[in-house]
Amino acid sequence: MKHLILTLAILLFIQNTNAQEIKRIQAIQNDSLYIDLTNSLFAPIEIQFTVLDSTKSFVKCNPYGLLKVGDTLKRALVIPLEKVEDTGKVNFRTYLDYNITFGVPNETYDTDFKYELPFQKGKRYKVIQSFGGKFSHNKSHSKYAIDFGLPIGDTITAARRGKVYFVKEDSKEHCRTIKCIDMANKIYIIHDDGTMAHYVHLDFEGALVEVGDTVEANQPIGISGMTGFTTIPHLHFVLYKARSVSIPFTFKGIKHKKLKQGKYYRNN
């Protein structure tokens, strides 16, 4: 998933640590710079490194890591000091290609779980785009997404109990093309079975929760907006397993997995 990988790539470069960063630990030994990576996020991550052809003669790396919360990938990158201009500003892209995603591959999840509709009780909204929608729900990362027509300012609620592991709420921008995909405000929540729910297109400063919070089903978590890649205000809700693969799900009180585009659904 392009925007998810980009988000983590940016985090990988950050030196100061907080709840939304992959912590870098650097040490100098035997005329080389050693960099370890610690997962200080609230969800597991999978890291895959490939040394560039231009640097493989002198760079060493630990090519794979599956890091649960708090785990460390030792010797993620080892560079001779003579090849480092500034040890305080080491850009991994100078030496490696990498792919970083959330989740544990091959982990089983509860396929029978029934989710709550992601908006307040008593409210009803139209489905603007459903599973397999032609406009933007036609890739592996979006095939099983649902777009609900929440107006700007309406309340988004958690579809299932879980822990918040990522929040972005600093954007005011949107546009009709994919170039704005990373401008979307969003909340990511991981559940007990390892599945991950994404709530996307929130308003500026529209998060009502913080990273590390445990939320309950039906709890208000955010305010709907119009940020990122979108043509109209709506809530984009999608469920993932590892490697940014969207998976089907069902809502309580609704018989069919696929909600019908253009139909209104009420959270009773």
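As the structure is a computational prediction, the values presented were derived from the model and not from experiment.

(A) A look at the pairing of strand β12 (residues 162–168). Counting buried residues in β12 gives six out of seven residues, a clear majority hidden from the surface. Relative to strand β16 (residues 214–215), β12 runs antiparallel, the two being bridged by two bridges. Opposite glycine 162, over in β16, you have valine 215 as the bridge partner. In the sheet, β12 pairs with strand β14 (residues 185–190) via five bridges, with the strands oriented antiparallel. If you follow valine 164 over to β14, its bridge partner there is isoleucine 189.

(B) Seen up close, the confidence of the model for the chain. Mean pLDDT for the chain: 90, with 92% of residues reaching 70 or above. A low-confidence stretch, residues 1–11 (pLDDT under 50), is modelled with 26 contacts involving residues beyond four sequence positions or located in other chains. Of the regions scoring below 50 in pLDDT, residues 13–19 engages in 18 contacts with residues more than four places distant in sequence or in other chains.

(C) Examining the state of the cysteines more closely. With the rule as written, the count across this model stands at one disulfide. The disulfide partner of cysteine 175 is cysteine 180, and the gap between their sulfur atoms is 1.9 Å. Since a negative S-S torsion denotes a left-handed disulfide, the cysteine 175-cysteine 180 link at about 125° is right-handed.

(D) Region of interest: the nonpolar core. The biggest cluster of nonpolar side chains holds 33 residues, and the ones touching the most others in it are Phe148, Ile187, Tyr199, Ile221, Phe249, Phe251 and Leu259. Every element with two or more residues in this core is listed here: β9 (124–129), β10 (146–148), β12, β14, β15 (196–207) and β19 (235–241). Take this core: its biggest share by element is four residues, from β15. Setting aside its immediate chain neighbours within four residues, phenylalanine 251 contacts Lys114, Tyr115, Glu116, Leu117, Pro118, Phe148, Phe237 and Leu259. Membership of the second largest hydrophobic core comes to 31 residues, among which are Phe92, Tyr98, Tyr188 and Ile190.

(E) Geometry of the sheet that holds strand β5 (residues 64–67). Ordered in space as β5-β3-β7, the three strands form an open sheet in which the pairing is antiparallel. A single partner strand is all that each edge strand has here, and the edge strands are β5 and β7 (96–102). The average undirected angle you get between the axes of adjacent strands in this sheet is 10°.

(F) Local environment of unusual backbone geometry. Of note in the backbone geometry, asparagine 106 takes a positive phi value of approximately 65° without being a glycine. Although it is not a glycine, histidine 201 adopts a positive phi angle of roughly 85°. Looking at histidine 201, the relative accessible area reads 7%, which means it is buried.

(G) Representation of the pattern of salt bridges. Enumeration according to the criterion identifies nine salt bridges in this entry. Lysine 56 is paired through a salt bridge with aspartate 53; the nearest N and O atoms lie 3.7 Å apart. For lysine 56, a relative accessible area of 56% puts it in the exposed group. As a salt-bridge pair, aspartate 170 and lysine 168 come within 2.5 Å of each other at their nearest N and O atoms. The class for aspartate 170 is exposed, based on a relative accessible area of 55%.

(H) View of the sheet that holds strand β2 (residues 32–39). With antiparallel pairing, the four strands of this open sheet are ordered in space as β1-β2-β6-β4. In this open sheet, the two edge strands, each paired with only one partner strand, are β1 (22–29) and β4 (60–61). Strand direction decides the pairing type here: β4 and strand β6 (residues 72–80), joined by two bridges, are antiparallel. Bridge pairing in β6 links lysine 60 to valine 78.

(I) Looking closely at the packing of aromatic side chains. Tallying each qualifying case throughout the model produces 18 aromatic pairs. Consider the rings of phenylalanine 131 and tyrosine 144, whose centres lie 5.2 Å apart with planes at 90°: the pair is edge-to-face. With phenylalanine 131 in the loop between β9 and β10 and tyrosine 144 in the loop between β9 and β10, this residue pair connects regions lying 13 residues apart in the sequence. Every member of this aromatic cluster is reached through a ring pair, and the members are Phe113, Tyr115, Phe119, Tyr125, Phe131, Tyr144, Phe148, Tyr199, Phe237, Phe249 and Phe251.

The rules we used
Residues numbered from 1 in each chain as written. Predicted model: local features only at pLDDT ≥ 70, side-chain atom pairs only at ≥ 80, totals over all residues. Heavy atoms only, no water. Buried < 20%, exposed > 50% of the residue type's maximum accessible area, 1.4 Å probe, protein only. Helix = DSSP H or I, 4+ residues; strand = E, 2+ residues; numbered from the N terminus. Pairing = 2+ DSSP bridges. pLDDT = per-residue confidence, 0-100. Contact = heavy atoms within 4.5 Å. Disulfide = S-S within 2.5 Å. Core = buried A, V, L, I, M, F, W, Y, C linked by side-chain atoms within 4.5 Å. Axes fitted to C-alpha atoms, helices over the stretch in contact; angles between N-to-C directions. Salt bridge = Lys/Arg side-chain N within 4 Å of Asp/Glu carboxyl O. Phe/Tyr/Trp six-rings, centres within 6.5 Å; stacked < 30°, edge-to-face > 60°.

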